[in-house]
Amino acid sequence: MLIQAQQLAYTYAPGTPLARPALRGVDVEIGPGERVGILGPTGSGKSTLVQLLAGLLAPTAGRVLLDGVAAHGHSAAARACRRRVGLAFQYPEEQIFEPTVFREVAFGPRRLRLPEAQVEERVRWALQMVGLEPATMEQRSPLSLSGGEMRRVALAGVLAMQPQVLILDEPAAGLDPQGRRELLARMRAWQEQVNGTLILVSHNVDDLARLVERAVVVAHGRIVADGPLRRVLSDSERLRAVGLDAPQTVTLLQALRRAGWPVRTDRLLPEEAAGEIARAGRLLEAAG
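Every value quoted in this text rests on a predicted model; they were computed, and no experiment measured them. (Residues numbered from 1 in each chain as written. Predicted model: local features only at pLDDT ≥ 70, side-chain atom pairs only at ≥ 80, totals over all residues. Heavy atoms only, no water.)

Enquirer: I tried to follow the domain arrangement of the protein chain on my own but got confused; where do I start?
Expert: Interface size is often expressed as the accessible area that is lost when the parts come together. If you check the domain split of the protein chain, you get domain 1 (1-84 + 163-176 + 196-229), domain 2 (95-162) and domain 3 (247-288). Put simply, the middle of domain 2 and the middle of domain 3, counted by C-alpha atoms, are 45 Å apart. (Domains from an automatic or database assignment.)

Enquirer: For this particular structure, what's the right way to read the side chain of S44?
Expert: In this structure, S44 sits in the loop between β3 (35-39) and α1 (46-53). With relative accessibility at 1%, the residue S44 sits in the buried group. Apart from residues lying up to four places away in sequence, S44 is in contact with A22, V218, A219, H220 and G221. (Helix = DSSP H or I, 4+ residues; strand = E, 2+ residues; numbered from the N terminus. Buried < 20%, exposed > 50% of the residue type's maximum accessible area, 1.4 Å probe, protein only. Contact = heavy atoms within 4.5 Å.)

Enquirer: For this particular structure, what's the right way to read the packing of aromatic side chains?
Expert: One pair of aromatic rings is described through two measures. These are the centre distance and the angle between the planes. The full count for this structure, using the stated rule, is 2 aromatic pairs. Ring geometry for Y10 against Y12: centres 4.8 Å apart, planes inclined by 80°, an arrangement best described as edge-to-face. Classification of Y12 as partly exposed rests on a relative accessible area of 27%. An angle of 85° between the planes, with centres 5.1 Å apart, marks the rings of F97 and F107 as edge-to-face. One end of the pair, F97, is in the loop between β6 (85-88) and α3 (101-111); the other, F107, is in helix α3, with 10 residues separating them in the sequence. Accessibility expressed as a relative area gives 52% for F97, which makes it exposed. The class for F107 is partly exposed, based on a relative accessible area of 34%. (Phe/Tyr/Trp six-rings, centres within 6.5 Å; stacked < 30°, edge-to-face > 60°.)

Enquirer: Help me understand the sheet that holds strand β5 (residues 69-70), please; the structure alone is not making it clear to me.
Expert: Whenever strands of a sheet pair, they do so through backbone hydrogen bonds, lying parallel or antiparallel. Pairing within the open sheet is antiparallel, and its 4 strands lie in the order β2-β1-β4-β5. Each edge of the open sheet carries a strand with a single partner, namely β2 (20-30) and β5. As paired elements, strand β1 (residues 3-12) and strand β4 (residues 61-66) share 5 bridges and run antiparallel to each other. Its bridge partner being in β4, Q6 is matched across the sheet by R63. Strands β1, β2 and β4 of the sheet are contacted by α1, whose axis makes an angle of about 125° with β1. (Pairing = 2+ DSSP bridges. Axes fitted to C-alpha atoms, helices over the stretch in contact; angles between N-to-C directions.)

Enquirer: Could you clarify how one ought to interpret the sheet that holds strand β7 (residues 165-169) in this entry?
Expert: Ordered in space as β6-β7-β8-β3-β9-β10, the 6 strands form an open sheet in which the pairing is mixed. Every other strand in the sheet has two partners, leaving β6 and β10 (222-228) as the edge strands with one partner each. On average, each strand axis in the sheet is inclined to that of its neighbour by 15°, with strand direction left out of account. Examined bridge by bridge, β6 and β7 share 4 bridges and lie parallel to one another. Each bridged residue has a counterpart across the sheet, and for L87 the counterpart in β7 is I167. Contacting β6 and β7, helix α6 (residues 147-159) runs over the sheet at an angle of about 165° to β6.

Enquirer: Got a minute to help me understand the pattern of salt bridges in this structure?
Expert: Side chains that differ in charge, positive against negative, can pair when their charged atoms come close. Under the definition given, this model contains 20 salt bridges. A salt bridge links E182 to R152, with the shortest nitrogen-to-oxygen separation between them at 2.9 Å. With E182 in helix α7 (residues 177-194) and R152 in helix α6, this residue pair connects regions lying 30 residues apart in the sequence. The class for R152 is buried, based on a relative accessible area of 13%. Its salt-bridge partner being E276, residue R267 comes within 4.0 Å of it at the nearest N-O pair. Among the charged side chains, a network of salt bridges with common partners joins R264, D266, R267, E276 and R279. (Salt bridge = Lys/Arg side-chain N within 4 Å of Asp/Glu carboxyl O.)

Enquirer: Would you explain the nonpolar core in this entry?
Expert: Most often, soluble globular proteins have nonpolar side chains that are buried together. Core analysis: the largest hydrophobic core is formed by 51 residues, its most contacted members being V105, L159, L166, L168 and V217. Ranked by the residues each element gives to this core, the list is headed by α6, at 7 residues. Here this core spans two domains, and each of domain 1 (1-84 + 163-176 + 196-229) and domain 2 (95-162) adds at least three residues to it. (Core = buried A, V, L, I, M, F, W, Y, C linked by side-chain atoms within 4.5 Å.)

Enquirer: Just to check I follow, could you spell out the packing of α6 against α7 for this structure?
Expert: Geometrically, a packed helix pair is captured by the angle between its two axes and the distance between the axes. Two numbers describe how α6 lies on α7: the axes approach to 12 Å, and their chain directions differ by 15°. With respect to their mutual orientation, α6 and α7 come out roughly parallel. Pair α6 / α7 crosses with right-handed handedness. In this structure, α6 uses R151, R152, L155 and L159 to contact α7, whose residues at the interface are E182, L183, R186, M187 and W190. Classifying every residue of the contact of α6 with α7 gives 5 nonpolar, no polar and 4 charged. (Parallel < 35°, antiparallel > 145°, perpendicular 65-115°, else oblique. Left-handed = near helix turned anticlockwise from the far one by under 90°. Nonpolar A, V, L, I, M, F, W, Y, C, P; charged D, E, K, R; others polar.)

Rendered as structure tokens:
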């Protein structure tokens, strides 16, 4: 699915003394099968942006097109396009309300009035996609699960709708490091299996580096950077200008570069930085 935002603007509480512009004239295009990270300081407008892209909010000005169809229209085509976009909010497990895991994941497909056999197939596929075994999980109460398991159940409910676009707003917030890596790996596997579009909103550079290839930086309601992830996150001067810190690995590598080490400064993950430092150390040793 091709997503196009054209001169997108949104104001909270318009026409009142509390009016607050969240987005101002945003233009962005996300193509089918892309993995895109959206980042920005608190209050930058990034969460508002993804809610507009998903059709949950109607813009104050501008428009969102989903495969050329106005996302906020009332036509059958617009409704069909919106159903192809799945959005998981931060802490999605707080929205769980059904008594069993099966019924929770089946809720969306059943609202589509699908045959029960198809609902069951979707539920089991979605649970497996997030790393939960259907046979042992389906009849359990979500309230009996760990926090990480509840997060996976909530995401399975989104996947069971079989979206072409999956938007994740801080999906790994509150999880331990192993839980973060496992969840992100599952979302990467989903994207590769269905060739879907993945949009990740996150403050965590590690999450972005492990999952996406392109970064869009939002600040003061505008897009201030858009390009390959490594290039965007290596531009520490631009990041600081909008209130973001460069990744610690980039800061370290830039300091070594200034000290004369022959290192690349676009290594984002700790293991990548360690390998780059070791490589540069060998070069210096051989030259000295």
